[in-house]
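Observations on chain architecture
What follows is each chain in one-letter form.
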Amino acid sequence: MEKNKWIKRVCDILLANDGVTLEEADAPALYRAVSRATMAEIHPTWRKCRDKKKKRVGYLSAEFLLGRAIHSNLYNLGKLDKVKEWLGERGVDFTLFEEIEDAALGNGGLGRLAACYLESGATVGIPLDGYGIRYRYGLFRQTFVSGFQKEEADDWQRCGDPWSYRRESESVEVEFSDFTVRAVPYDTPVIGYGGKTVNTLRLWQSEEPRGFDFEAFDAMQTDRIAKSRMNCESITYALYPNDSTERGRLLRLRQEYFFTSATIQDIIRKHKREGLPIERLGEYITLQLNDTHPVFAVPEMIRLLMKEGLDFEAAFVIARSVFNFTNHTILGEALECWDMKRVRKLIPKIASILVRMQRRLERELPDGGLFLIKDGRVHMANVAIYAGSRVNGVAALHTEILKESTFRDWYAHYPERFLNVTNGVTPRRWLALCNPQLSDLITRRIGDGWQNDLERLRELGKFATDPETRAEFFRIKQEKKAELSAHIYKKEGILLPPEFIFDVQAKRLHEYKRQLLNAFSILYYYFRLKDGLEPDFKPTAFIFGAKAAPAYYMAKAIIKFIKSIAELVNNDEDVKDKMRVVFVTDYNVSYAEKIMPAADISEQISMAGMEASGTGNMKFMLNGTVTLGTMDGANVEICEEAGIENEYIFGATVDEVKRVKENYDPLAIYNADPELRRIVDTLDDGTFDDNGTGMLKALKGSLFGGWSKDHYLVLHDFRDYVRVKSKLIGDYGTDEFISKCIRNTASGGKFSSDRSILDYARDVWKI
Ligand code: 26V
């Protein structure tokens, strides 16, 4: 009954929208129809959730790295298996939907976290809505040409965007000094596990305000028409592909003001529509600023409240009760500062509010040494700390670093504002959906219900040494590796035998994450194998997934280096039974869903103190992968939860990094270690060809010369890294090793984003 109704609905949509039958429909048409049928179904719940007159949370973020929606939405509605079956009966294979692009409206960790948080908010029943930007093009698609990264536009709407509704009538105008644009909201439902709560992700698209300029058309001023349209639409045209360096681009400033102004206008309008007094705004809304990108929301709210008749002080106090701020990185380059001249020129009203805020700070703390504006630049993090209630870091260690150094002066004055909320990931996407085999084993051992009560995974701990559980766990890991191997063979043309150890580093390419250290270790094993020094080496596949920011020269050099190593190793008959190297193309959320469950080693090797939290580390852990890592970010808490004896930890700690840096001499390390020297020298001794770009030589230079002098201690940590890595490879496959893997899954409960969201709800949002 339900089945026939559902199939009929899909057929009706196919016929109406594409003029085809179920049998004739191609993947995009089916995708649109199945999605729209689901949208129709959740409509009553969505409306009910929207209309509740309770305090709501707004999660303001320039990025939402959503990935594919169809599997997660159907799963959370408890329909995925049924729909697969129903379509199967009609000859439609559900894997067809893997042709559909990811929605990659984000760069990396920060954007993916936002997506996990929305899903968890809906799952735990918190009224949490996302606000962001509907980029026409998301994060670039990556290809390789002779081992060099090339970028292509990401046309994520190619098959349509059936998971959103355009809400034309709720458009608002955003004013810049030179022109005004229209912000049109697109609403996407966020469906929680169990389907009881449906929240909203509202993404703003920039358009020309008043339809078509007939006057200009009449005068045949077509270039004026085109230019005006261009100006407006360019604001949300593309996502900035940087995940660290702020280069003070004007368009970026427009993006930030555009989406925050639209969001705050929207929120105030809604509040007034309910007939509520503006003074009580703080009782109905609380806003989370996802890093500094949405911080213009603060002066914008003050401005709009003053337009409603409040004085500056009253408006400031309300704003302070509404906003909270999360910091996601201590990288200096990423802490946004804007030139006040620019701000004044583009958004003068905001500039004068910022100046008034600075004066208020000076009055409040005349000799506090704190500032919002300094040397003509406004520091967005400071604005957020000053005009907000709560400031948090994203892992315990990271929050300590914020208090002790990054925001030290602010912490001294406002200690009560600072707290930690350790990141988490949604166990629906990152375990249940991507690893149904392991999920099934878990359910057979501890019963159902862990999917939204992840602490229950602890119960799995008692099976860690159970021979049957071990055998099953190992068999499942093999199966996931075989699946990944087939996928990689299809996509990359490289065969990774599933019996090999799968050693994975998947994350944005950045010097601080030290993919270079991993690369050096591969050459270490390669040379030793060639020299007959590793008779017991267990065959290992080294897998990388990463995108480099298009203008990040060193990151691109590291990619070229790893691609060259892959070329060398994979074509060497001497080592082909012992090692393979692959750098996958266009690593994204969907690729991650295949990679995480298939990994034997999770590489989390950032220089201690640099990785705020990491969230990939948690995804690997849930899928029963041991961490090979430094004491950085959430790795510290992973060790606490699983027991350090179940992970493989190496390298300088935060304190040691400080000490080493006092008189660091990378050249001395290089000179004293012939094996390491041979490896490093491949960068300029003709082993590899970088097409005369000088890229690889520059990479070597970054270790010894100029500004950087091995800034991230690659050479310092090298020996300890290969020591621990060799131990890990030696342990692989033993009973004790498999127990460690199982204990990782069993200890992953803390890293559910449900827990993170409940922490925010209790300690930050008071909801
Ligand atoms: C900065 C900028 C600068 C302007 C251009 C666009 C842009 C985009 C992003 C960023 C900052 C990104 C910071 C970030 O992604 N941090 C990561 O956040 C994760 C979630 O909290 C965390 O797990 C990672 O450790 C952290 O690197």
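First, a word on what this report is: a plain description of the structure on this page. Remember, predicted model here, so these are calculated numbers, not experimental data.

Okay, the nonpolar core next. Met 357, Phe 520 and Phe 561 are the most contacted members of the largest nonpolar core, which totals 258 residues. With 11 residues, helix α20 (residues 515-530) is the single largest residue contributor to this core. Split by domain, the residues of this core number at least three in each of domain 1 (2-423) and domain 2 (427-654 + 714-748). Setting aside anything within four residues of it in sequence, one finds Phe 561 in contact with Leu 516, Ala 519, Phe 520, Leu 523, Thr 682, Leu 683, Phe 688, Leu 696 and Leu 699.

The next point concerns the site of the ligand. Taken together, 20 residues are adjacent to the ligand, and Glu 246, His 328, Asn 423, Glu 611 and Gly 614 come closest. One of the backbone N or O atoms of Ser 613 is found 3.0 Å from an oxygen atom in the ligand. Between Gly 614 and the ligand, the recorded distance is 2.8 Å, taken from a backbone N or O atom to an oxygen atom. The protein chains hide 95% of the 590 Å² of surface that the ligand would expose on its own. Ranked by residue count, the leading element in the shell around the ligand is helix α5 (residues 109-124), at three residues. Of the residues in the shell around the ligand, the class split is five nonpolar, 10 polar and five charged.

As a further point, take the sheet that holds strand β23 (residues 648-649). Strand order in the open sheet formed by six strands is β20-β19-β18-β21-β22-β23, with parallel pairing between adjacent strands. Two strands bound the open sheet, and with one partner strand each, they are β20 (579-583) and β23. Here α20 sits on the sheet and contacts β18 (501-506), β19 (540-545), β20 and β21 (601-604); the angle it forms with β19, its principal contact strand, is near 155°. The strands touched by helix α30 (residues 735-746) within the sheet are β22 (626-629) and β23, with β22 carrying the most contacts at an inclination of about 95°.

Quick look at the pattern of salt bridges now. Oppositely charged side chains are able to pair whenever their charged atoms sit close together. Overall, the coordinates contain 73 salt bridges when judged by the stated rule. For Glu 2, the salt bridge is made with Lys 79, and the minimal N-O distance between the two is 3.3 Å. Here the residue Glu 2 occupies a position in helix α1 (residues 2-18), and Lys 79 occupies one in the loop between α3 (70-76) and α4 (80-89), the gap between them amounting to 77 residues. Between Arg 475 and Glu 479 there is a salt bridge, with its nearest N and O atoms 3.2 Å apart. Linking Arg 475 with Glu 479, this pair stays in helix α19 (residues 467-492), spanning four residues, or about one helical turn. Under the relative-accessibility criterion, Arg 475 is labelled partly exposed at 44%. A relative accessible area of 32% places Glu 479 in the partly exposed class. One continuous salt-bridge network, built from bridges that share partners, spans Arg 167, Glu 170, Asp 187, Arg 202, Asp 266, Arg 269 and Lys 270.

How each quantity is defined
Numbering of residues begins from 1 in every chain and follows the order in which that chain's sequence is written. Reporting of local features is limited, given that this is a predicted model, to residues whose pLDDT is at least 70; pairs of side-chain atoms are given and counted only at 80 or more, and all residues count toward the totals for whole chains, interfaces and linings. Water and hydrogen atoms were dropped before computing side-chain values, which therefore reflect all heavy atoms in the structure. Here, nonpolar core refers to any group of buried Ala, Val, Leu, Ile, Met, Phe, Trp, Tyr and Cys residues whose side-chain atoms link them within 4.5 Å. Burial classification: accessible surface area is computed with a 1.4 Å probe over protein chains only, and a residue below 20% of its type maximum counts as buried, one above 50% as exposed, and the rest as partly exposed. Helix and strand definitions here come from DSSP, where helices need a minimum of 4 consecutive H or I residues and strands a minimum of 2 consecutive E residues; each element is numbered from the N-terminal end. Start and end positions for the domains come from either an automated domain assignment or a database one. The contact definition used throughout considers only heavy atoms, calling two residues in contact when any of these lie within 4.5 Å. In these notes, residues near a molecule or strand are those with any non-hydrogen atom within 4 Å of it. Any pair of nitrogen or oxygen atoms within 3.5 Å is treated as a polar contact; in protein, a donor-acceptor pairing is required on top of that, and neighbouring residues in sequence qualify only through side-chain atoms on both sides. Calculation of accessible area relied on Shrake-Rupley with a 1.4 Å probe; when residues are assessed, cover is drawn exclusively from the protein chains displayed. The nonpolar class holds Ala, Val, Leu, Ile, Met, Phe, Trp, Tyr, Cys and Pro. Asp, Glu, Lys and Arg form the charged class, and all remaining residues, Gly among them, are polar. In short, DSSP must find at least two bridges between two strands for them to pair. Axis angles are defined between N-to-C directions and span 0 to 180 degrees, where every axis is a line fitted to C-alpha atoms and, for a helix, only to the segment in contact. Just to be clear on terms, a salt bridge is a Lys or Arg side-chain nitrogen sitting within 4 Å of an Asp or Glu carboxyl oxygen.

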